[in-house]
Amino acid sequence: MEKLPARTGWLWIRQGFDLFRKQPGAMSTLFLGYMLAMLGLGLLPLLGQILPVLLVPVFSMAFLQACLRIEHGERILPNLLLSGFRKPVLNPLLGLGALYLLTALLAIGASALVDGGVFWQLITGHIDPKSAAVRESNIGAAILLTAALYVPAGMGFCFAAPLICWQKMSLGKAIFFSFFAVLRSVKAFLMFAGGWFCISLISSQLVLLVFGRGDLAMTAMLPLSMMLTIVLHCSFYAAYRQIFGVPGKAAAVSLDKPGA
């Protein structure tokens, strides 16, 4: 793993758009399937708020596997949505999802030391964003504290799922290698994050400029958000490919087999 210059982060974004353009319809169909699955899970009593987070690493492999198939010139099929549910990778991916959830809860919970729990109440829907409690709280500092606590963990989670699936690493080893891969190329990842922030901001402002702030703008924003989210997954794959290399042909099919 070599150190990468900052401009590499923007190159990943460009490569993400290139990957998406090769099979936009198939990638969009895959994403719609993912959204329907998330909506269905959200309707479950008690588990509806936990399962969507727990299964993020599992479903994320569908998009990475799709990008890998594009690399090998193969069609993307809907059954790729089940890629992460194959054995033996399912259990470590679920463990990774549990760590996602636990780390987020701890980071947000720690923010209560700064704002008395207002941020926690806000994201759980127990308080109105326009209420006086939010305006009078130190919520800005709480958000910064949450980010500062979660970012190191996020560095470990970043590439853990594909390392588990494609490199056959254990959960702990995958988190370790992911953390140091991001750390060694932190300038590229800062450019990557900054580039996506600018793209999102400019895109949303253009929609508001063309359609105003009514229902029409919200309607236009949905497909745009969907496309950008898919491209984000594609550009993340480009980052993995740059750092760890293109997975071989065997990896492209191993998660597609029902018995895998």
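Use the structure listed above.
Computed from a predicted structure; not experimentally measured. (Residues numbered from 1 in each chain as written. Predicted model: local features only at pLDDT ≥ 70, side-chain atom pairs only at ≥ 80, totals over all residues. Heavy atoms only, no water.)

Turning our attention to the overall build of the protein chain. For the protein chain, the helix and strand inventory stands at 14 helices and zero strands. From first element to last, N terminus to C terminus, the protein chain shows the α and β order α-α-α-α-α-α-α-α-α-α-α-α-α-α. Across its three principal axes, the protein chain shows a C-alpha extent of roughly 55 × 45 × 45 Å. A total of 260 residues make up the protein chain; the buried ones form 42% of that total. (Helix = DSSP H or I, 4+ residues; strand = E, 2+ residues; numbered from the N terminus. Buried < 20%, exposed > 50% of the residue type's maximum accessible area, 1.4 Å probe, protein only.)

In total, this model carries zero disulfides according to the counting rule given. No disulfide involves Cys 165; its nearest neighbouring cysteine sulfur is the one of Cys 67, lying 14 Å away. Looking at Cys 234, it has no disulfide partner, and the nearest cysteine sulfur is the one in Cys 67, 3.7 Å off. Classification of Cys 234 by relative accessible area gives buried; the value is 0%. (Disulfide = S-S within 2.5 Å.)

Here the focus is the pattern of salt bridges. Applying the stated criterion to the full structure yields three salt bridges. Note that Arg 21 and Asp 18 form a salt bridge whose closest N and O atoms lie 2.2 Å from each other. Of this pair, Arg 21 and Asp 18 both sit in helix H1 (residues 7-22), three residues apart, which is roughly one turn of the helix. For Glu 74, the salt bridge is made with Arg 69, and the minimal N-O distance between the two is 3.4 Å. Looking at Glu 74, the relative accessible area reads 15%, which means it is buried. (Salt bridge = Lys/Arg side-chain N within 4 Å of Asp/Glu carboxyl O.)

On the surface, a nonpolar cluster with roughly 640 Å² of combined accessible area is contributed by Ile 202, Leu 206, Leu 209, Val 210, Phe 211 and Leu 216. Top contributing element to the nonpolar patch by residue count: helix H12 (residues 186-211), with five residues. Structurally, the position occupied by Ile 202 is in helix H12. (Patch = residues over 30% accessible without salt bridge, like charges linked within 9 Å, V, L, I, M, F, W, Y side chains within 5 Å. Areas by Shrake-Rupley, 256 points an atom, 1.4 Å probe, with all protein chains shown as cover.)

With that settled, the discussion passes to H12. Compared with the 38 Å implied by 1.5 Å per residue over 26 residues, the 37 Å span of H12 between its first and last C-alpha is a close match. Gly 212, located one to two residues past H12, shows a positive phi value of around 80°. (Expected span 1.5 Å × (residues − 1).)

A few words now on the side chain of Ser 235. Along the chain, Ser 235 falls in helix H13 (residues 215-244). Look past the residues within four positions of Ser 235 in its chain and what remains in contact with it is Trp 12, Ile 13, Gly 16, Phe 192 and Trp 196. (Contact = heavy atoms within 4.5 Å.)

Moving on, we come to helix H4 (residues 56-71). In a regular helix each residue adds 1.5 Å, so 16 residues correspond to 22 Å; H4 covers 23 Å between its end C-alpha atoms and thus fits that length. The element H4 is extensively covered by neighbouring structure, given that 14 of its 16 residues are classed as buried. A positive phi of about 70° marks Gly 73, the residue just after H4.

Attention now moves to the packing of aromatic side chains. Going through the model one piece at a time under the given rule, you end up with 20 aromatic pairs. Judged by centre distance (6.0 Å) and plane angle (45°), the rings of Phe 31 and Tyr 34 are tilted. Of this pair, Phe 31 and Tyr 34 both sit in helix H2 (residues 24-42), separated by three residues, roughly a single helical turn. With respect to burial, Phe 31 and Tyr 34 carry one shared label: buried. Geometrically, the ring pair formed by Phe 31 and Phe 63 is tilted, given 6.1 Å between the ring centres and 55° between the ring planes. Of the two residues, Phe 31 is situated in helix H2 and Phe 63 in helix H4; the sequence distance between them amounts to 32 residues. Given a relative accessible area of 7%, Phe 31 falls into the buried group. (Phe/Tyr/Trp six-rings, centres within 6.5 Å; stacked < 30°, edge-to-face > 60°.)

Counting 60 residues, the largest nonpolar core has Trp 12, Met 27, Leu 30, Leu 93, Phe 159, Trp 166 and Ile 243 as its most contacted members. Top element by residues in this core is H13. It accounts for twelve residues. Ranked by size, the runner-up nonpolar core spans seven residues in total, among them Phe 119, Ile 127, Val 134 and Ala 142. (Core = buried A, V, L, I, M, F, W, Y, C linked by side-chain atoms within 4.5 Å.)

This paragraph deals with the packing of H1 against H2. Two elements in contact, H1 and H2, have axes separated by 5 Å at closest approach and are oriented at 95°. By the criterion of interaxial angle, the relationship of H1 to H2 is roughly perpendicular. Two secondary-structure elements touch here, H1 through Phe 20, Arg 21 and Lys 22 and H2 through Pro 24, Met 27 and Ser 28. Of the residues contributing to the contact of H1 with H2, the split by class is three nonpolar, one polar and two charged. (Axes fitted to C-alpha atoms, helices over the stretch in contact; angles between N-to-C directions. Parallel < 35°, antiparallel > 145°, perpendicular 65-115°, else oblique. Nonpolar A, V, L, I, M, F, W, Y, C, P; charged D, E, K, R; others polar.)

It is worth stressing that arrangement in space is one thing and function is another; only the former is reported here.
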